[in-house]
Amino acid sequence: MTLKTVGPVLLVGAGKMGGAMLSGWLDRGLPGERIIVRDPAPGPEIAALIAKHGIRTAIGEPPAIVVLAVKPQIMDVVLAGIAADIPAGALVVSVAAGKTLAGIARHLTPGTPIVRTIPNTPAAIGRGITVCVAGPGVSARQRAEATALLEAGGEVAWIDDEGLMDAVTAVSGSGPAYVFLLAECLAAAGAEQGIPPDLAARLARVTVSGAGELLHRSDLDPATLRHNVTSPGGTTAAALDILMGEGGLGRLMREAVAAATRRGRELAG
Ligand SMILES: NC(=O)c1ccc[n+]([C@@H]2O[C@H](COP(=O)([O-])OP(=O)(O)OC[C@H]3O[C@@H](n4cnc5c(N)ncnc54)[C@H](O)[C@@H]3O)[C@@H](O)[C@H]2O)c1
């Protein structure tokens with residue numbers, strides 16, 4: 001199945017995540033006329049995409065896929081409002097953190113096929129990863145259709161155990177924020193050592209994105225790439241003694257991912 005034949009797709013919520021997915025779909029050739037966007041307050045960039053690509057904001061041809069990309073906290077209210085507009089047999093794809101298949105199904109006609117997913121914002125440039133779990137009644141064709149749509153944002157992985165979704169959210173859904181924080185902290189630390197702030201920010205940005213690109217292109221694992229930077233007794237080793245020491249990045253990351261996983265469970269509602 002190709003992206004060009006997917007849909008029509010109704011996107012409910014075109015904020016940071018829905019907007020990133022929309023950009024990915026358009027960049028990779030989903031025609032604007034096969035997309036409907038429902039968002040009471042789209043940002044200027046989304047409004048510009050809607051105008052440029054002739055995207056509809058009201059339902060005409062019934063959608064074959066409905067992508068739910070509103071905040072988990074308002075999902076129940078939004079679902080109650082749009083349930084009647086979801087045609088029988090249409091596939092519902094949720095990207096909401098925490099919200100379970102059963103929690104979404106409660107609002108929909110019994111038997112509605114639902115796929116719960118967690119994408120991430122690099123989907124905007126086709127470099128994200130989306131993890132999916134299918135509810136009962138999702139056909140092989142609908143799985144293929146969901147995969148084609150989500151692959152516009154990068155890689156797609158299917159899992160069978162919905163219980164893993166909160167941990168997945170904590171790793172790949174939230175993960176880009178941890179990497180951006182690393183760039184912020186690296187810049188701030190460089191400035192503290194006397195580098196002018198603008199240059200420190202540039203060094204951090206190019207270093208983090210360059211290291212990410214090297215990881216992306218290389219066949220080597222991250223530990224080997226790290227070893228390749230680390231001369232025995234050198235400067236990197238001195239820094240890694242801190243970062244890999246007790247209370248260092250390993251422990252902080254474990255605690256951070258555990259906290260995000262717990263929060264996902266709370267958001268189930
Ligand atoms: N941002 C991420 O990195 C990320 C990653 C994975 C999953 N998610 C999930 O994506 C969902 C959206 O998160 P976000 O970060 O894009 O939030 P956001 O606030 O940027 O976007 C939400 C959008 O929903 C719109 N909206 C509000 N009420 C609506 C309604 N009644 N009908 C239609 N649209 C409505 C808002 O105007 C806004 O544009 C959440 O459920 C979140 O868990 C986000």
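Residues numbered from 1 in each chain as written. Predicted model: local features only at pLDDT ≥ 70, side-chain atom pairs only at ≥ 80, totals over all residues. Heavy atoms only, no water.

Novice: Could you give an account of the UniProt feature "binding site: NADP(+)" (unreviewed entry) in the protein, with specific residues and numbers?
Specialist: The feature "binding site: NADP(+)" (unreviewed entry), as given by UniProt, occupies Ala69, Val70, Lys71 and Pro72 in the numbering adopted here. Among the structural elements, alanine 69 can be located in the loop between strand E3 (65–68) and helix H3 (72–82). Alanine 69 has contacts with Leu11, Val12, Gly13, Gly18 and Val95, leaving out every residue within four places of it along the chain. Counting through the fold element by element, valine 70 comes out in the loop between E3 and H3. Once residues lying within four places of it in the same chain are set aside, the contact partners of valine 70 are Val12, Gly13, Met75, Val78 and Ala96. (UniProt positions renumbered as here; feature names shortened; annotations may be inferred. Helix = DSSP H or I, 4+ residues; strand = E, 2+ residues; numbered from the N terminus. Contact = heavy atoms within 4.5 Å.)

Novice: With reference to specific residues and values, describe the site of the ligand.
Specialist: For the ligand, the set of nearby residues contains 21 residues, the closest of which are Lys16, Met17, Asp39, Val70 and Ala97. Taking lysine 16, its main chain carries an N or O atom lying 2.8 Å from an oxygen atom of the ligand. Methionine 17 has a polar backbone atom sitting 2.7 Å from an oxygen atom of the ligand. Look at the ligand: alone it shows 820 Å² of surface, and the protein chains cover 76% of it. The set of elements that each furnish at least two residues to the shell around the ligand consists of helix H1 (16–27) and H3. In terms of residues, the shell around the ligand owes the most to one element, H3, which gives three residues. Its residues placed into classes, the shell around the ligand shows 14 nonpolar, three polar and four charged. (Near = heavy atom within 4 Å. Polar contact = N/O pair within 3.5 Å; in protein donor to acceptor, adjacent residues only side chain to side chain. Areas by Shrake-Rupley, 256 points an atom, 1.4 Å probe, with all protein chains shown as cover. Nonpolar A, V, L, I, M, F, W, Y, C, P; charged D, E, K, R; others polar.)

Novice: Give a detailed account of the confidence of the model for the protein, specifying residues and quantitative values.
Specialist: Per-residue confidence for the protein gives a mean pLDDT of 95; residues scoring 70 or more make up 100%. Per the prediction output, this complex has pTM 0.95; the corresponding ipTM is 0.98. (pLDDT = per-residue confidence, 0-100.)

Novice: Residues and numbers for the UniProt feature "domain: Pyrroline-5-carboxylate reductase dimerisation" (unreviewed entry) in the protein, please.
Specialist: Here, UniProt's "domain: Pyrroline-5-carboxylate reductase dimerisation" (unreviewed entry) annotation points to residues 162–267. In the segment residues 162–267, helix accounts for 77% and strand for 0%; the C-alpha atoms at its two ends are 15 Å apart.

Novice: Tell me what's going on with the nonpolar core, and back it up with residues and numbers.
Specialist: Ranked by internal contacts, the top residues of the largest apolar core, which has 32 residues, are Leu22, Trp25, Val67 and Leu149. Only strand E1 (9–12), H1, strand E2 (35–38), helix H2 (44–53), E3, strand E4 (91–94) and helix H5 (140–150) provide two or more residues apiece to this core. Take this core: its biggest share by element is six residues, from H1. Leaving out residues up to four positions away in the same chain, valine 67 has contacts with Val9, Leu10, Leu11, Val12, Met21, Trp25, Val93, Val95 and Leu149. (Core = buried A, V, L, I, M, F, W, Y, C linked by side-chain atoms within 4.5 Å. Buried < 20%, exposed > 50% of the residue type's maximum accessible area, 1.4 Å probe, protein only.)

Novice: Give me the pairing of strand E6 (residues 128–134): which residues, what numbers.
Specialist: Summarising burial for E6: five of the seven residues are buried, a large majority. Strand direction decides the pairing type here: strand E5 (residues 114–118) and E6, joined by four bridges, are antiparallel. In the sheet register, isoleucine 118 faces E6, and the bridge partner there is valine 131. Across five bridges, the pairing between E6 and strand E7 (residues 154–158) is parallel. Counted as the bridge partner of isoleucine 129 is glutamate 155 from E7. Handedness of the crossover joining E6 and E7 through H5: right-handed. (Pairing = 2+ DSSP bridges. Right-handed = clockwise from strand over helix to strand, strands pointing away.)

Novice: Tell me about unusual backbone geometry, residues and numbers included.
Specialist: Residues glycine 7 and proline 8 are joined by a peptide bond in cis, for which omega reads 0 degrees. Counting through the fold element by element, proline 8 comes out in the segment before E1.

Novice: Tell me about a nonpolar patch on the surface, and please be specific about residues and values.
Specialist: Taken together, the side chains of Leu243, Met244, Leu249, Leu252 and Met253 define a hydrophobic patch exposed on the protein surface, amounting to about 460 Å² of accessible area. Residue contributions to the nonpolar patch peak at three residues, all from helix H11 (residues 249–267). Structurally, methionine 244 can be placed in the loop between helix H10 (235–243) and H11. Judged by its relative accessible area of 52%, methionine 244 is exposed. (Patch = residues over 30% accessible without salt bridge, like charges linked within 9 Å, V, L, I, M, F, W, Y side chains within 5 Å. Salt bridge = Lys/Arg side-chain N within 4 Å of Asp/Glu carboxyl O.)

Novice: If you had to explain the pattern of salt bridges to someone new, which residues and values would you point to?
Specialist: The tally for this structure, following the rule as stated, stands at nine salt bridges. Its salt-bridge partner being lysine 99, residue aspartate 76 comes within 3.6 Å of it at the nearest N-O pair. Placement of aspartate 76 in helix H3 and of lysine 99 in the loop between E4 and helix H4 (101–105) is noted, with a sequence separation of 23 residues between them. With a relative accessible area of 25%, aspartate 76 lands in the partly exposed category. Two residues, glutamate 145 and arginine 141, come together in a salt bridge whose shortest N-O distance is 3.8 Å. A residue pair is termed a helical-turn pair when its members lie 3 or 4 positions apart in one helix, as glutamate 145 and arginine 141 do in helix H5 at four residues. The class of arginine 141 is exposed, set by a relative accessible area of 55%. It is possible to trace a salt-bridge network through shared partners that takes in Arg116, Glu162 and Asp166.

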